[in-house]
Amino acid sequence: MTKTVETEGALETRGIEQVPDHERTAKTRELFPTWVGANISVLLLTMGASLVVAYHLNIWQALVVAVAAPIVSYGLVGLIGIAGKRGGAPGMALSRAVFGQRGNLLPGSLIWVARWGWETINAVTGAYAMLTILDILFDLKANSVLDMVTLLIFVVATFAISGLGINAVQKCNKYATYFFGLFSVLVLVYLAVNTNWSKVMHHGAGSTAAVITGVGMIAAGGVSWIPTAPDFTRYLPRTASSKAIVGTAVGGAGVVVLPMVLMGAVMAVSTPDLASATDPVSFLGEILPTWIAVPYLCIALIGMLLINSMSMYSAGFTAQTLGFKVPRHWAVSVNAVISLIFGGVLMLVATSFMGSFIAFLSLLAVAFSAWVGVFGADMLRRTEYDGAAMADTTRASAYWYKGGFSLAAVAAWAIGLVSGLMFTTSDWFTGPLAKNNVIGEYGLGWVATIVVSGLLYMALPKPAVVHPAEAAEPVEEPATVDA
C-alpha cells in the first residue's frame, strides 16, 4: 500500500473516519496478497480431510468443493469490498448509513462477538502449530503450562501486528505469500510421489447434498471476511476497478483454498483420523518428513498469525463503531484479551477441536450473512456515503433516521437471521426447519439468511436521508402582489 499522511511509518493512526480522497492512493493488485494471507491456515487441510471422512466425498467431488467455495464466498467479499472504495471507510462504519446510528449497534455487536470465536479458533490453531514444532525439534511434549505459554505468545504477536495497522498487515501478507507458495509446492510434490493414488482414485462418491454442504463448510471461513472487506479497500481511489476488486479477492483465496483442501482430502485417505483429531496440526509431523514439516509449519504459523491480525485489525474498527472511545490499536487489545481467555478454555477443556470448529462455522456463517443480505441489497441503491453523517452519532446525523434506527434494515436483518437459524444444523444447535427440506439438508441456512434479509430489505420502505442543512432550510413563502 502506498504510504499516506495517516499511514506513514509503522503505526496507522486513522480510525473509522472517512479517508480523504488525496490519501486514497492504494492499488487493487495490493489486495491479492491480503486475501492469500487470509487463507494461510492448516485448518483448510483438516477441512479437506473432513470432506472425505465425514462427508464421504471422492477426490473429484472434493475438487468441485475446493473450486466452488472460494468463488462463492470471496465473490461476495469482493462485491462488498466495492463499498470501501465508494465510501472510504471500514465496513461497520459504512453500515451506519444502512442501519442508522443506533440500529447499527445490533448487527455490529453480533459480528464483534462472532469474531471472538473466529480469533479464538485461529489462536488455538497457532498455538498447536507451535507445540508441534517444539515437539519435532526438541521433543517437548504438550502440557497445560506449555499450552498456555504458546497461546500467550501467539496472541501477543497477533496484537503487535494488528495494532500497527494496515501497512504492517499487508507487508507481512506479501512475504508470507511467497514463502507459503514455495513450501506448498514442496508438500504437493512429496504427496504426489508418496501417495497411494489407486486408493485415492477408487474412493467412493458421496451424495450431492454432501457436496453442497461441503461447499458451505469451506465457504464459511470466507463469509466471515465479508463485513470487513471495505476495511482493506477504503484506501483505493473511487476510480478503482470494481471487477479487479472482486477478481483479486477470488483469485487470492482460490490459489490457497484449492490446493490445501485437495491436499487434506488426499492425506485423509492414508490418515482417516485426521478429520477427527483433537489436535488439528500435529498430524503434519507424522505425515511429512521433518525437513518439509518444520518449515511448512512455521510458514503456516505465520499465516495463522496474519489471519488473526487481519481479524483483530477489523475488530478494532467494529469496537469503535460500538462506542469504545479509544484509538484503534487499543480497541484491538479487547479482542486480544478475549481470544486469550476463550483459547485457554478451548485448549484445556474441549474434547473435539474439529467438532467444535465445524459447529462454530455453521453458526458463524448465518451470523454474518444477515448483515451481508441487508448491506448488499443497500449497495444496489447507494453509491455514495456521507463521511460527516457516519461520524456524527447525534440526532443531527443524516443517518439518524427514526430514533437512530432504519426500521427497514433492522427488521430485515432480524428476520433474516432468525430464518437462517431455523434451517441450520450443528452440534450446538439445530433449527426446527433443518430437516426434511432441501435448504436444511444441503446446509444452506446461511444462503437462506442472505436471500431473506436482502429481499425483505428491498421490499420495505427505506427512510429518507435528510441532511441537517436541508432540514433547517426555511420554507419559502409564496410571493404576494400588492393591490
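The rules behind each value
Sequence order as written defines residue numbering, which begins from 1 separately in each chain. With the structure being a predicted model, the display of local features is reserved for residues of pLDDT at least 70 and the display and counting of side-chain atom pairs for 80 or more, all residues being used for whole-chain, interface and lining totals. Side-chain numbers here rest on the full set of heavy atoms in the structure, without hydrogens or water. What counts as a helix is a DSSP run of H or I of at least four residues, what counts as a strand is a run of E of at least two, and both are numbered from the N terminus. A simple rule labels every residue: compare its accessible area, found with a 1.4 Å probe on the protein chains alone, to the largest value its type can have, and call it buried under 20%, exposed over 50%, or partly exposed in between. Whether two residues are in contact is decided by their heavy atoms, any of which lying within 4.5 Å being enough. Residues grouped as a nonpolar core are buried Ala, Val, Leu, Ile, Met, Phe, Trp, Tyr and Cys residues, joined through side-chain atoms within 4.5 Å.

1. What to know about the side chain of Thr120
Relative to the elements of secondary structure, Thr120 occurs in helix H5 (residues 105-138). By relative accessible area, Thr120 is classed as buried at 5%. Beyond its immediate chain neighbours, meaning those up to four positions away, Thr120 contacts Ile338, Ser339, Phe342 and Gly343.

2. Observations concerning the nonpolar core
Core analysis: the largest hydrophobic core is formed by 141 residues, its most contacted members being Trp35, Ile218, Trp225, Leu284, Tyr296, Phe375 and Tyr385. Setting aside its immediate chain neighbours within four residues, Phe375 contacts Ile80, Ala83, Gly91, Leu94, Ser95, Val98 and Tyr385. One finds Trp112, Ala319, Ala331 and Ile338 within the second-largest nonpolar core, a separate group that totals six residues.

3. Let's talk about unusual backbone geometry
For Asp139, which is not a glycine, the phi torsion comes out positive at approximately 60°. Counting through the fold element by element, Asp139 comes out in the loop between H5 and helix H6 (144-164).

4. Quick look at the environment of Phe232
With respect to the helices and strands, the residue Phe232 is situated in the loop between helix H9 (208-223) and helix H10 (242-270). Remark: the alpha-carbon pair of Phe232 and Met310, spanning 78 residues in sequence, is separated by 9.3 Å.

5. Some points on the environment of Met217
Relative to the elements of secondary structure, Met217 occurs in helix H9. It is 6.9 Å that separates the C-alpha atoms of Met217 and Leu361, two residues lying 144 residues apart in sequence. Not counting chain neighbours up to four residues away, the residues in contact with Met217 comprise Met47, Ser50, Leu51, Tyr55, Ile358 and Leu361.

The values reported here are purely geometric and, on their own, carry no functional implication.
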